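Reading the structure
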Amino acid sequence: MLEEIKEKVKAEFGLESKGYDTNILLIECERERLRDLVKFLKNNGFSYPHTVSVVDYTPKGGGFQVNYILENLNEKKFVMVRVNLSSEDLTVPTVSDIFPPLQPHEREAWEMFGVEFIGNPRLEVMLLPDWAEGLFPLRKSYDFEKHRKPSKEKK
Amino acid sequence: MGNSISLAGYTFVVEESKEISGEDLGLLQEKLLQLNWGVQHPASGPMRLKLWVDGDEVVKVDPDIGYVLRLLEKLVEYRTWINAVVNVERACFMDDFGTMAGYSIAAEKIAGVEVPKKADYVRTILCEGGRIVSHLIGLGSFVGVMGVHTPMQWALIAREKFLDAFEVYSGQRIATASIIPGGVRYEPTGKFIEKMISAVDFLEKEFIPRYAEVFIDNPTLKLRSQGIGVVPKEKAVELGLAGPALRASGVASDVRKDYPYAAYGELDFKVVTKEEGDAYARYLVLWEELIESAKIIRQAIEGLPEGEWRTKFPIKVPPGEAYVNVEWARGCFGFHLISDGGTGPYRLKMRAPSFANVWALPEIMKNVKLADVPVIFASLYMCHGDIDR
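From a predicted model like this one, the values you see are computed outputs, not experimental measurements.

Criteria and thresholds
Residues numbered from 1 in each chain as written. Chains lettered and ligands numbered in written order. Predicted model: local features only at pLDDT ≥ 70, side-chain atom pairs only at ≥ 80, totals over all residues. Helix = DSSP H or I, 4+ residues; strand = E, 2+ residues; numbered from the N terminus. Rg over C-alpha atoms; globule rule 2.2 N^0.38 Å. Buried ≥ 20, exposed ≤ 12 C-beta atoms within 10 Å, placed from the backbone. Contact = placed C-beta atoms within 7 Å. Domains from an automatic or database assignment. Nonpolar A, V, L, I, M, F, W, Y, C, P; charged D, E, K, R; others polar. Expected span 1.5 Å × (residues − 1). Bend = angle between axes of the 7 residues up to and from the residue. Axes fitted to C-alpha atoms, helices over the stretch in contact; angles between N-to-C directions. Parallel < 35°, antiparallel > 145°, perpendicular 65-115°, else oblique. Left-handed = near helix turned anticlockwise from the far one by under 90°. Pairing = 2+ DSSP bridges. Core = buried A, V, L, I, M, F, W, Y, C linked by C-beta atoms within 7 Å.

**Some thoughts on the overall build of chain B**
The secondary structure content of chain B amounts to 16 helices and nine strands. Computed over the C-alpha atoms, the radius of gyration of chain B is 22 Å, within 12% of the 21 Å expected from 2.2 N^0.38 for a compact globule of 389 residues. In terms of overall dimensions, chain B has C-alpha extents of about 85 × 50 × 40 Å along its principal axes. Within chain B, the proportion of its 389 residues that are buried is 49%. Long-range contacts, defined here as pairs at least 24 residues apart, represent 69% of the contacts in chain B between residues at least 6 apart.

The structure is reproduced here in structure tokens:
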């Protein structure tokens, strides 16, 4: 089944994909084509979204990586769509209108990493306290010591 | 408002503050009220639902979460491969075995370590024990939100027996840190197996018949929960519901069956599904899974092989990544684990089922009665620890 999707993606988008695990197919994609690809996958049975997982590769000399993980509940297969971003331009189009459950996941990725999902209707602080907005704590550059909660001045 | 409503933790906030007098007084009733359901509500736990109500009807719901954020995904990056289970298991204290098993399987996949068969079986026993412990609280608190607190006490009695078994096994009752990459931490002794069997015996012979008699086919409970918060099959997938809530809508999605891990591939059990998709169906799914789990534990104890219970796990793991799902008590828990060749995880993304369920609430709770809010909330069986992580 994954072989079939692999060929279809190759024919439709010209994108190479490879096996990630026994049940998972990894498709690397440009952000311009992300929405079309996700729509295409949704129409091909990958209708259950799992999550948006962002990885910060800046200490390794890379940028940020955004992974969309989708599951096909009937065939029991996964697909992982990967978008690489450079750390200068952290924007990616939203898929929250195609997969509404991914909207809070994108929101979480935004508050933790600062990746801006263009078109997401609600990029507000969700899990973090209000004073921590804009600190992006899951980035590798985040320093626990520097960003303590502002305490009352000792006299 | 010194009446019983405010004592129960509700606060009423009129959307716009405006002086109202004379003729306008009648219009006040037509205004939407914003209601804070939680943080102090007995059923809510450490989270809040902002409800906009029109009279008795809920118009809009907005969950306000983040009260128990510990940033576990960041803390894991400062640990070694084996120490990280301490953070991973704290995603939720009720079923800590499932999360530890998922993380360990992901780490083993990257490192290319194969665990002994005995470790797989012990993991299965522990995971199912964790599931029973968690489901018992889920059942008890579901009836508890309707104001009957007896079933919770009964469930806690049965739960204690399993906690005793965990204590014999690992020395801890709740945060056991017992499943690690490379196997399980401790030898499953005869005493542990004995305790586990006696706990399952108590569950099957004492708890299940007594509880089933009173709280399963209960007419009042049915009246209160049947037809409430109905989620049809297509809608459940569209909303991204997870775990028992998804299965109660008729979607047979169970990681234990679909992508067998540990020893589940060799054991005989069935995936519980219901077609109705209402609060009562979700309650019944928990109940039947409890019975299935007890059977799985018996099978796993019978089939427990001889041999080692752990292998050596390397200190440095080669670069790589894995995405592993496990069927945790509350649904499929995903671990996206990445190694850069160091002594600990480079990044761990946890996909929590309760996080998916809590964001389905605004859709499910549209146009329900205010009194049904706690029922729907409890039936979705969420844990605040893994909403916030």
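That was the structure; now back to the text.
**Let's talk about the overall build of chain A**
Looking only at helices and strands, one finds three helices and seven strands in chain A. When the helices and strands of chain A are listed from N to C terminus, the series reads α-β-β-α-β-β-β-β-α-β. Principal axes of the C-alpha set define a box for chain A whose edges measure 70 × 30 × 25 Å. When each of the 155 residues of chain A is scored for burial, the buried share is 37%. Partitioning the contacts of chain A with sequence separation of at least 6, the portion at a separation of at least 24 is 51%.

**Here's the deal with the environment of B:Gly250**
Residues and elements named next belong to chain B. Take Gly250: it is sitting in the loop between helix H10 (244-247) and helix H11 (255-258). Given 17 C-beta atoms within a 10 Å radius, Gly250 is considered partly exposed. C-alpha separation for the pair Gly250 and Tyr121, spaced 129 residues apart in sequence, amounts to 29 Å.

**A look at the domain arrangement of chain B**
Residue and element names in this part refer to chain B. When cut into domains, chain B gives domain 1 (4-64) and domain 2 (72-388). The interface of domain 1 with domain 2 comprises 13 residues on the first partner and 15 residues on the second. Breaking the side of domain 1 that touches domain 2 down by element, the ones donating at least two residues are strand E3 (48-54) and strand E4 (57-64). The dominant element in the side of domain 1 that touches domain 2, judged by the number of residues it contributes, is E4, at five residues. Grouping the amino acids of the side of domain 1 that touches domain 2 by side-chain chemistry returns nine nonpolar, one polar and three charged.

**Here we look at the environment of A:Gly45**
Residues and elements named next belong to chain A. By the secondary structure assignment, Gly45 is in the loop between helix H2 (34-43) and strand E3 (48-56). Spatially, the C-alpha atoms of Gly45 and Gly63 are 31 Å apart, while their sequence positions differ by 18 residues. For Gly45, the contacting residues outside a window of four places in its chain are Asn72, Asn74 and Glu75.

**Focus: helix H7 (residues 190-215) of chain B**
Residue and element names in this part refer to chain B. The end-to-end C-alpha distance of H7 is 35 Å, a good match for the 38 Å that 26 residues give at a rise of 1.5 Å each. Residue Phe207 marks the point of greatest curvature in H7, where the axis turns by about 40°; the proline Pro209 follows within four residues. Burial in H7 covers these residues: Phe192, Lys195, Met196, Ala199, Val200, Leu203, Phe207, Tyr211 and Phe215. Buried residues belonging to H7 abut helix H5 (117-144), helix H6 (150-170), helix H8 (219-225) and helix H12 (279-302).

**Observations concerning helix H1 (residues 2-13) of chain A**
With 12 residues, H1(A) extends 16 Å between its outermost C-alpha atoms, agreeing within 8% with the 16 Å of an ideal straight helix rising 1.5 Å per residue. The first or second residue beyond H1(A) is A:Gly14, which carries a positive phi of 70°.

**A short note on the packing of H5(B) against H6(B)**
All names here are of chain B. For the pair H5 and H6, interaxial distance at closest approach is 8 Å and the crossing angle is 165°. Relative to H6, the element H5 lies roughly antiparallel. For the pair H5 and H6, the crossing hand works out as left-handed. Contacts from Gly129, Ile132, Val133, Leu136, Ile137, Leu139, Gly140, Ser141, Val143 and Gly144 in H5 reach Pro151, Met152, Ala155, Leu156, Ala158, Arg159, Phe162, Ala165 and Phe166 in H6. Looking at the contact of H5 with H6 residue by residue, the class counts come to 14 nonpolar, four polar and one charged.

**Some points on the sheet that holds strand E7 (residues 320-328) of chain B**
Residue and element names in this part refer to chain B. Taken together, three strands build an open sheet; the order of strands is E7-E8-E9 and the sheet is antiparallel. The open sheet has two edge strands, E7 and strand E9 (347-351), and neither has a second partner. Pairs of neighbouring strands in the sheet enclose a mean axial angle of 15°, with direction left out of account. As judged from the five bridges shared by strand E8 (residues 331-339) and E9, these two strands associate in the antiparallel manner. Opposite Phe335, over in E9, you have Met350 as the bridge partner. Packed on one face of the sheet, helix H4 (residues 96-111) meets E7 and E8 and runs near 155° to E7.

**Describing the sheet that holds strand E5 (residues 77-85) of chain A**
Residue and element names in this part refer to chain A. The five strands are arranged E1-E2-E5-E4-E3 in an open sheet whose pairing can be described as mixed. The strands lining the two open edges of the sheet, one partner per strand, are strand E1 (17-19) and E3. Between one strand axis and the next, the sheet turns through 20° on average, direction left out of account. Judged from the nine bridges that link them, strand E4 (residues 64-72) and E5 form a sheet pairing that is antiparallel.

**Some details on the nonpolar core**
Side chains that are nonpolar tend, in soluble globular proteins, to be buried together. Of all hydrophobic cores here, the largest spans 157 residues; its most connected members are A:Val79, A:Val81, A:Val115, B:Tyr103 and B:Leu241. For this core, the leading source of residues is H5(B), giving 13 residues. Counting contributing residues per domain, this core is built from domain 1 (4-64) and domain 2 (72-388) of chain B, each supplying no fewer than three. Setting aside its immediate chain neighbours within four residues, B:Leu241 contacts B:Val231, B:Ala236, B:Leu246, B:Ser249, B:Ala356, B:Asn357 and B:Ala360.

**Points about the pairing of E9(B)**
Buried residues dominate E9(B), accounting for five of its five residues. With burial as the criterion, each face of E9(B) is covered, one bearing B:Arg347, B:Lys349 and B:Arg351 and the other bearing B:Leu348 and B:Met350.

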